[in-house]
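Analysis of the macromolecular model
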Amino acid sequence: MIILISGVSSVGKTNMAQQLLEKYHVPYLSIDHLKMGLYRADKRCEFTPLDSNEHISHRLWPILKGIIMTNIENEQHLIIEGCYVMPHQIAEFEKDYSERIISVFLGFSSRYVEQNFHTRIVKYRNVIEQRQSLEETQVPEYIQEHADFRDKCLRAGVAYFEIDNDYDSEIAAVYAYIDAEIRQMEQRIS
């Protein structure tokens, strides 16, 4: 089983991966760590940490896809989280692989960002690991980033969850979705 968690920066991907690790005892891989490991190991890796998410994703996806396939082939479980899994990439997996992947894509509504940017989003962005400063981001740019990501998710037909009002109760629905998908997967496989 592979659980993929993607979304815009500071939406709670790493925290979710940590919570799932604790619940299911399945390790997780932060794509940010993979990105920085590759960048620090070889400055000729064809990206910098400041490049667009799409550019970095294009460079990292063949590696991530290989990791996912290898884990599935070896019947090993892994949670992968980060903003570098793009919605359209999920369709690249053949059925033998895709039926063992649970993917969730997370975002914030415009209303949620407007009402909670400083009080919740910026405040809680370092709950698991230290991040670069989000305070420099302007609210309209952050709203647009979420809107663009939502559109990509809807076009790709992936499981997209948008936090609109109450983070805790709405993120609980994502956990419930993952739990249900795991039960269905276990039934299919057994």
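Residues numbered from 1 in each chain as written. Predicted model: local features only at pLDDT ≥ 70, side-chain atom pairs only at ≥ 80, totals over all residues. Heavy atoms only, no water.

1. Considering the overall build of the protein
So the rule is basically this: In this text, helices come from DSSP runs of H or I with a minimum length of four residues, and strands from runs of E with a minimum of two, each type numbered from the N-terminal end. Only the C-alpha atoms count toward the radius of gyration. The rule for a globule is 2.2 Å times the residue count to the power 0.38. Burial status follows relative accessibility: with a 1.4 Å probe on protein chains alone, a residue under 20% of its type maximum counts as buried, one over 50% as exposed, and anything between as partly exposed. Any two residues having at least one pair of non-hydrogen atoms within 4.5 Å are treated as being in contact. Using the Shrake-Rupley algorithm and a 1.4 Å probe, accessible areas are obtained, with residue cover drawn only from the displayed protein chains. Positive charges are assigned to Lys and Arg, negative charges to Asp and Glu, while His and the chain termini are left out of the count. Note that the charge is assigned to NZ on lysines, CZ on arginines, CG on aspartates and CD on glutamates.
Helices and strands together make up the secondary structure of the protein, namely seven helices and five strands. Listing each helix as α and each strand as β along the protein from the N terminus yields β-α-β-α-α-β-α-β-α-α-β-α. In summary, the protein has a C-alpha radius of gyration of 16 Å against a globular reference of 16 Å for 190 residues, a match within 12%. With respect to the three principal axes, the spread of C-alpha positions in the protein is 45 × 45 × 30 Å. Considering the protein as a whole, with its 190 residues, one finds that 44% of them fall into the buried category. Sequence-distant contacts, at least 24 apart, represent 75% of the contacts inside the protein between residues at least 6 apart. When the accessible surface of the protein is summed, it comes to about 10,100 Å², and 48% of that surface belongs to carbon and sulfur atoms. With 20 positive and 29 negative side-chain charges, the protein shows a spacing of 2 Å between the two charge centroids.

2. Points about the packing of aromatic side chains
One pair of aromatic rings is described through two measures. These are the centre distance and the angle between the planes. Rules: In summary, the pairing rule links any two rings of Phe, Tyr or Trp, Trp by its six-membered ring, whose centres are within 6.5 Å, and it sorts them by plane angle into stacked for under 30 degrees, edge-to-face for over 60 and tilted for everything else. The rule for a charge over a ring is simple: NZ of Lys or CZ of Arg within 6 Å of the ring centre, and within 35 degrees of the ring normal.
Counted according to the given criterion, the structure contains eight aromatic pairs. An aromatic cluster is present here, built from Phe105, Phe149 and Tyr160 joined pairwise through their rings. The ring of Tyr39 carries the charged tip of Lys43 above its face, separated from the ring centre by 4.3 Å. Positioned above the aromatic ring of Phe93 is the side chain of Lys65, whose terminal nitrogen or guanidinium carbon lies 5.8 Å from the ring centre.

3. Re the packing of helix 2 (residues 31–41) against helix 3 (residues 53–73)
Think of two packed helices as two axes; the pair is described by the angle between the axes and how far apart they sit. To be explicit about the condition: Here an angle of 0 to 180 degrees is reported between the N-to-C directions of two axes, which are lines fitted to C-alpha atoms, with helices fitted over the stretch in contact. Should an angle fall under 35 degrees it is taken as roughly parallel, and over 145 as roughly antiparallel, whereas 65 to 115 is taken as roughly perpendicular and any remaining angle as oblique. Residue classes follow a fixed rule: Ala, Val, Leu, Ile, Met, Phe, Trp, Tyr, Cys and Pro count as nonpolar, while Asp, Glu, Lys and Arg count as charged, and any other residue, Gly among them, counts as polar.
At a closest axis distance of 11 Å, the pairing of helix 2 and helix 3 adopts a crossing angle of 100 degrees. One way to sum up the angle between helix 2 and helix 3 is to call them roughly perpendicular. Residues Ile31, Leu34, Lys35 and Leu38 of helix 2 pack against Ile56, Leu60, Ile63 and Leu64 of helix 3. Considered class by class, the residues forming the contact of helix 2 with helix 3 number seven nonpolar, no polar and one charged.

4. Re the nonpolar core
This is how the line gets drawn: Only buried residues count toward a nonpolar core, which is a set of Ala, Val, Leu, Ile, Met, Phe, Trp, Tyr and Cys residues joined through side-chain atoms within 4.5 Å.
Grouped together as the largest cluster of nonpolar side chains are 56 residues, with contacts concentrated most on Ile3, Ile5, Met16, Ile68, Phe108 and Ile178. Not counting the four nearest positions on each side in its chain, Ile5 is found in contact with Lys13, Met16, Ala17, Leu20, Ile79, Ile80, Glu81, Gly82, Val104 and Leu106.

5. Describing helix 7 (residues 167–189)
We count it as follows: By definition here, a helix of n residues has an expected span of 1.5 Å times n minus one.
Relative to the 33 Å expected for 23 residues at 1.5 Å per residue, helix 7 spans 33 Å between its end C-alpha atoms, a close match to the ideal helical length. Listing the buried residues of helix 7 in full gives Tyr167, Ile171, Val174, Ile178, Asp179, Ile182 and Met185.

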